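# Coordinate analysis (summary)
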Amino acid sequence: MNLLECLVAIALSMLLLNPLLKISADLVAKQVEYEKRQLLISEAERAFELMGRAIRMAGYRNIHSQQQGKSAEHFIEIQKKSGYRGSDTLIVQHELSAGVDFDCIGNTLNLERTKNGLARQGFLVARQAGIAKGMKVNGGSLICQSLDRQGRIQNTTLMNGVNYLLIQELANANTALTQKRFKVSLQMTDGALLNIDLERTFSARNLP
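Predicted model, so just to flag it, every value in this text is computed and none were measured.

Once that is clear, we can look at the overall build of the protein chain. When its secondary structure is counted, the protein chain shows one helix and seven strands. Moving toward the C terminus, one meets the helices and strands of the protein chain in the order α-β-β-β-β-β-β-β. Scored against the burial criterion, the 208 residues of the protein chain give a buried share of 36%. Nonlocal contacts in the protein chain, meaning residues at least 24 apart in sequence, comprise 54% of its contacts between residues at least 6 apart.

Relative to the assigned elements, Met188 resides in strand 6 (residues 181-189). Through-space distance from the C-alpha of Met188 to that of Gly140 is 9.3 Å; in sequence the pair is 48 residues apart. Filtering out sequence-adjacent residues up to four positions away, Met188 remains in contact with Leu40, Glu43, Ala44, Met159, Asn160, Gly161, Val162, Leu194, Asn195, Ile196 and Leu198.

Turning next to the pairing of strand 2 (residues 89-94). Strand 2 sits mainly inside the fold: six of its six residues count as buried. Burial of strand 2 is two-sided: the residues Thr89, Ile91 and Gln93 facing one way and the residues Leu90, Val92 and His94 facing the other way are all buried. Note: strand 1 (residues 76-79) against strand 2, four bridges, orientation antiparallel. Within strand 2, the residue paired with Ile78 across the bridge is Leu90. Where strand 2 meets strand 3 (residues 119-126), five bridges bridge the pair, whose relative direction is antiparallel. Bridge pairing in strand 3 places Gln93 opposite Arg120.

With that settled, consider the pattern of salt bridges. Following the criterion strictly, the structure yields nine salt bridges and no others. Between Asp190 and Lys36 there is a salt bridge, with the nearest N and O atoms lying 3.9 Å from each other. A residue pair is termed long-range when its members are at least 10 positions apart, and Asp190 in the loop between strand 6 and strand 7 (195-203) and Lys36 in helix 1 (residues 3-57) qualify at 154 residues. Classification of Lys36 by relative accessible area gives partly exposed; the value is 40%. Among the ionic pairs, Glu43 bridges to Arg46, the shortest N-O distance being 3.7 Å. Here Arg46 and Glu43 lie together in helix 1, a separation of three residues that amounts to about one turn. The class for Arg46 is partly exposed, based on a relative accessible area of 34%.

Conventions used here
Along each chain, the written sequence defines residue order, and numbers are assigned to residues from 1. Reporting in this predicted model follows two pLDDT cut-offs: at least 70 for local features of residues, and 80 or more for side-chain atom pairs to be given and counted; totals over whole chains, interfaces and linings ignore these cut-offs and use all residues. Side-chain measures here rest on the full set of heavy atoms in the structure, leaving out hydrogens and waters. Working definition: helices are DSSP H or I runs of at least four residues, strands are E runs of at least two. Numbering for both runs from the N terminus. The classification of residues rests on relative accessible area computed with a 1.4 Å probe and restricted to protein chains. Under 20% of the type maximum is buried, over 50% is exposed, and intermediate values are partly exposed. Here, two residues are considered to be in contact whenever any of their heavy atoms come within 4.5 Å of each other. Note on pairing: two strands pair once DSSP finds at least 2 bridges between them. In what follows, salt bridge is the name for a side-chain nitrogen of Lys or Arg lying within 4 Å of a carboxyl oxygen of Asp or Glu.

By themselves these figures say nothing about function.
Pasting the structure below:
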């Protein structure tokens, strides 16, 4: 086989292999995108679970509470466009039950971690900490708010990759339904190609 034949064979091999290599590269890219998408959806589901649990607890009053006769305001508060990229903030307050209660990061709640007998759970989106201005980031950070043992508000990062959080109280078309309902919308992002919109609806069990 002379040099010319070798060059022709190499050229033909490249013509045959290029489509296969391109298909392989596309499959790898699709697999990476799929894994990123599933990870973002999994993170969003965890956030929905925590916010849904807090909404259901909003306004809970312990039957043995010494404040049963007192009115309590702001059991659930939605602060519109107060966070990262116009995100809403959700603040929930409730009394402690006779069992074991947890805050939004899974730590046990007790009377020391209340203010005026009310535990606090808050959710907001903030700019990722430690990122210099001008640098590209993959969304903001979902922050969990609770009270420490001195009754002071403490913020803990739950996850990154949140573009925005929107919370809307829904009107009840059925007047027989007395529970308040809230639609929670999240947009998750990888900071590049993926922007995934997700939403869930939750009912508050204890609000008048």
